[in-house]
Amino acid sequence: MTTKRTSMTKHIMLSYQRNSSNIVLKVYDYLTKNQSIPIWMDVYGGTIEYLTTSLAEGVENCCLIICFLTPEYQASVYCKKELTYASELQKPIISCLLGSNDKTTKWKPSQWLGLTIADLLYLNFTKVNDDNFDEKCQELLDKIQLILGNNCLSSPPPSSSSQQQSDIIVKEESDDDEFETTSSSILPSIIHEGPQINDDIPTVTPQIHSNEGDSFIHLINQSSEIECNQDLYARNGQFFNSFTLSRLIFHNTNTEHAISILKLSAEYEQISSEDGSKEWKSCQIKQNNNDEIINLDPNKLFLCSLTIQIQITGTPGIDNQHRLRAHPLLPQPLRIRIQIEDTQMKHSNLLIEQINQPLNLPTLEKLIDKLHLSSSTILGFVSTDDCSIEIRYFVLIYSINDDEKNSFIKFTFGCDLSCFRSPTWDKQFIKTLQKRAKKEHRFELIVHEDIFDSFIHCLALFNENFKLHAIRITIKTKTSQTIQIIPLPIQQIFAEYDIF
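Computed from a predicted structure; not experimentally measured.

A. Structural view of the overall build of the protein. When helices and strands are tallied, the protein shows eleven helices and 27 strands. Taking all 500 residues of the protein together, 47% fall into the buried category. Contacts spanning at least 24 positions in sequence make up 68% of the contacts within the protein whose residues lie at least 6 apart. Total accessible area on the protein is roughly 26,200 Å²; 48% of this is exposed by carbon and sulfur atoms.

B. Fine view of the packing of aromatic side chains. Under the defined criterion, the tally for this structure stands at ten aromatic pairs. Note on Phe-394 and Phe-420: the rings are 6.1 Å apart at their centroids and 75° apart in plane angle, and the pair reads as edge-to-face. Of this pair, Phe-394 sits in strand 20 (residues 391–401) while Phe-420 sits in strand 22 (residues 420–421), and the two are 26 residues apart along the sequence. Exposure remark for Phe-394: the relative accessible area of 0% places this residue in the buried category. Of the residues examined, Phe-420 reaches a relative accessible area of 23% and is grouped as partly exposed. Taken together, the ring pairs in this structure connect Phe-411, Phe-413, Trp-425 and Phe-429 into an aromatic cluster. In this arrangement the basic side chain of Arg-337 is found over the ring face of Trp-280, its NZ or CZ atom lying 3.9 Å from the centre.

C. Molecular detail of the sheet that holds strand 8 (residues 190–193). Read from one edge to the other, the open sheet built from five strands follows the order 8-27-26-25-24, with strand pairing classed as antiparallel. Each edge of the open sheet is held by one strand with a lone partner, namely strand 8 and strand 24 (444–447). On average, adjacent strands in this sheet sit at an angle of 20° to one another, irrespective of strand direction. Where strand 25 (residues 456–462) lies against strand 26 (residues 468–476), seven bridges are found, and the strand directions are antiparallel. What sits directly across from Leu-459, in strand 26, is Arg-472. In the packing of helix 6 (residues 133–148) onto the sheet, contacts are made with strand 8, strand 26 and strand 27 (481–487), and the angle to strand 27 comes to roughly 40°. Each of strand 24, strand 25 and strand 26 touches helix 10 (residues 427–440); the most contacted strand, strand 24, lies at about 130° to it.

D. The sheet that holds strand 3 (residues 39–40), seen in detail. Pairing is parallel across the open sheet formed by five strands, whose spatial order is 3-2-4-5-6. Among the strands making up the open sheet, the edge pair consists of strand 3 and strand 6 (123–124). Looking at chain direction, strand 2 (residues 11–15) and strand 4 (residues 62–69) are connected through five bridges and run parallel. Bridge pairing links Leu-14 to Ile-66 in strand 4. Most of the contacts of helix 4 (residues 77–88) go to strand 4, to which it runs at about 140°, and overall it touches strand 2, strand 4 and strand 5 (93–97). Across the face of the sheet, helix 6 comes into contact with strand 2, strand 4, strand 5 and strand 6 while running at roughly 150° to strand 4.

E. Fine view of the side chain of Ser-15. Secondary-structure assignment places Ser-15 in strand 2. Since its relative accessible area comes to 0%, Ser-15 is described here as buried. One polar contact links Ser-15 to Glu-82, side chain to side chain, over a distance of 2.6 Å. Excluding anything up to four places from it in sequence, Ser-15 contacts Ile-65, Ile-66, Cys-67, Phe-68, Tyr-73 and Glu-82.

F. Broad picture of helix 10. Between its first and last C-alpha atoms helix 10 spans 20 Å; for 14 residues at 1.5 Å apiece the expected length is 20 Å, and the two agree. The set of residues buried in helix 10 consists of Ile-430, Lys-431, Leu-433, Gln-434 and Ala-437. Across the axial projection of helix 10, the buried residues extend over an arc of 160°, all falling on one side. Exposed residues lying more than 90 degrees from the buried face of helix 10 are Lys-435 and Lys-439. Of the residues one or two after helix 10, His-441 is the one with positive phi, at around 50°.

G. Structural view of the pairing of strand 14 (residues 278–287). Examined bridge by bridge, strand 13 (residues 259–271) and strand 14 share six bridges and lie antiparallel to one another. What sits directly across from Glu-269, in strand 14, is Trp-280. Pairing of strand 14 with strand 16 (residues 301–313) involves four bridges; the strand directions are antiparallel. Bridging from a neighbouring strand, Ile-285 pairs with Ile-308 of strand 16.

H. Main features of unusual backbone geometry. Note the cis peptide between Gln-332 and Pro-333, where omega equals -10°. The topology assignment puts Pro-333 in the loop between helix 8 (320–323) and strand 17 (334–342). The backbone phi angle of Met-345 is positive, close to 60°, even though this residue is not glycine. Positive phi, normally seen in glycine, also occurs at Glu-390, with a value near 55°. Mapped onto the elements, Glu-390 comes out in the loop between strand 19 (378–386) and strand 20.

I. Looking closely at the pairing of strand 8. By the alternation rule, side chains of strand 8 split into Ile-191 and Glu-193, which are all buried, and Ile-190 and His-192, of which none is buried. Bridge count between strand 8 and strand 27: four bridges; the pairing is antiparallel. Bridge pairing in strand 27 places Glu-193 opposite Gln-481.

What counts, and at which threshold
- Residues numbered from 1 in each chain as written.
- Predicted model: local features only at pLDDT ≥ 70, side-chain atom pairs only at ≥ 80, totals over all residues.
- Heavy atoms only, no water.
- Helix = DSSP H or I, 4+ residues; strand = E, 2+ residues; numbered from the N terminus.
- Buried < 20%, exposed > 50% of the residue type's maximum accessible area, 1.4 Å probe, protein only.
- Contact = heavy atoms within 4.5 Å.
- Areas by Shrake-Rupley, 256 points an atom, 1.4 Å probe, with all protein chains shown as cover.
- Phe/Tyr/Trp six-rings, centres within 6.5 Å; stacked < 30°, edge-to-face > 60°.
- Lys NZ or Arg CZ within 6 Å of the ring centre and 35° of its normal.
- Pairing = 2+ DSSP bridges.
- Axes fitted to C-alpha atoms, helices over the stretch in contact; angles between N-to-C directions.
- Polar contact = N/O pair within 3.5 Å; in protein donor to acceptor, adjacent residues only side chain to side chain.
- Expected span 1.5 Å × (residues − 1).
- Arc of directions from axis to C-beta.

Okay, here's the thing in structure tokens:
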């Protein structure tokens, strides 16, 4: 076997606008002390061995680019060229938000910059100071470690001479060397940002409240449960979330006089997501199958069914499971107050509480059971929740063998337990990926870009010999993001039934 050398040494590039040089220099010092990959920064001529290289070559030869976002960065022609070129080359990008110098205004990227980093959750450096600087840099280092692997943390960067001694060696294998075991250290750990759906069984139960007020008419709820429903579609961006009490009793406790109900109304308690303040808001209420005025003789009961309708701005649930419950924009427990005014100008009210039951969300255990898998075949499972619509997107990766003893790697994509997309990788497909990576001299390739492309991003990862060894899964929703690198033990999977 022969070898050849290339003088190209991969580095991490720092992209920034000069007004941010003070903090970027501090980040540069931190990174050079705590990881081993060379750092390219223009004020130092990139790295020592790149003293005369251009910015374009700095982008082309980087394994990762870190951009520091400010209004000045967005306005800079050179910064735009750097980052858009890196995006075109599909370089991994970590964005650090520095924000505006005017801390009284909240700035966020827009225009070309907002579009370029639209799929990224940035690290927030807007409030960085001497006390939390190391903590923020460690967050950055964690992201670098996830993308590039453990080898970036092994030791401080070597000297210029030792760097030149350790140029990348690329083996020229024969076509018979289809797979190999990689020596790279790949992190199976997860970086997760954002909230997750609480799918545990509620530990609280709805409280039972008694009638309050000075009216002789008392309200009594005998409904076994509150029936919930949401409109199938939103109209002009709004829909109704309905709550039905099938057995509500009005009892005239006055033993001498008949009393009628003049006004029937309802309101619900809304909780501010910003400061937690509470406010009662009016909503619609109607009698089901009876629009007549309720007249109650002395000491008489009246049984009826009532539906309370709360108007919500947003999107109703995507299926029956998500529609037959209180919408996630409503608080839990949901508190609804029914009020009456009688012919004696007196009032009564009854407070009721509604609590959603857990959703049947996809989990690794449920998928193993549904797909009749063995836990020993599971290679990885990644999931991320969209808490705004209570949906969980997931990717399950596992190995299978058919009746003819052929081996495959199978991917299952989905957002529920009823409908999946399940592409399969066989040995030939993997060989094709490796040949493409070698031909294009790339260490990562986008795969499965046609499946949940708005939410799920998959990158096949290759070692220095362009052999597939892992896949990086990124799932990003409106509320959360998960990034995970899953090792793919190619040789073990295919060697069980194939002889190399």
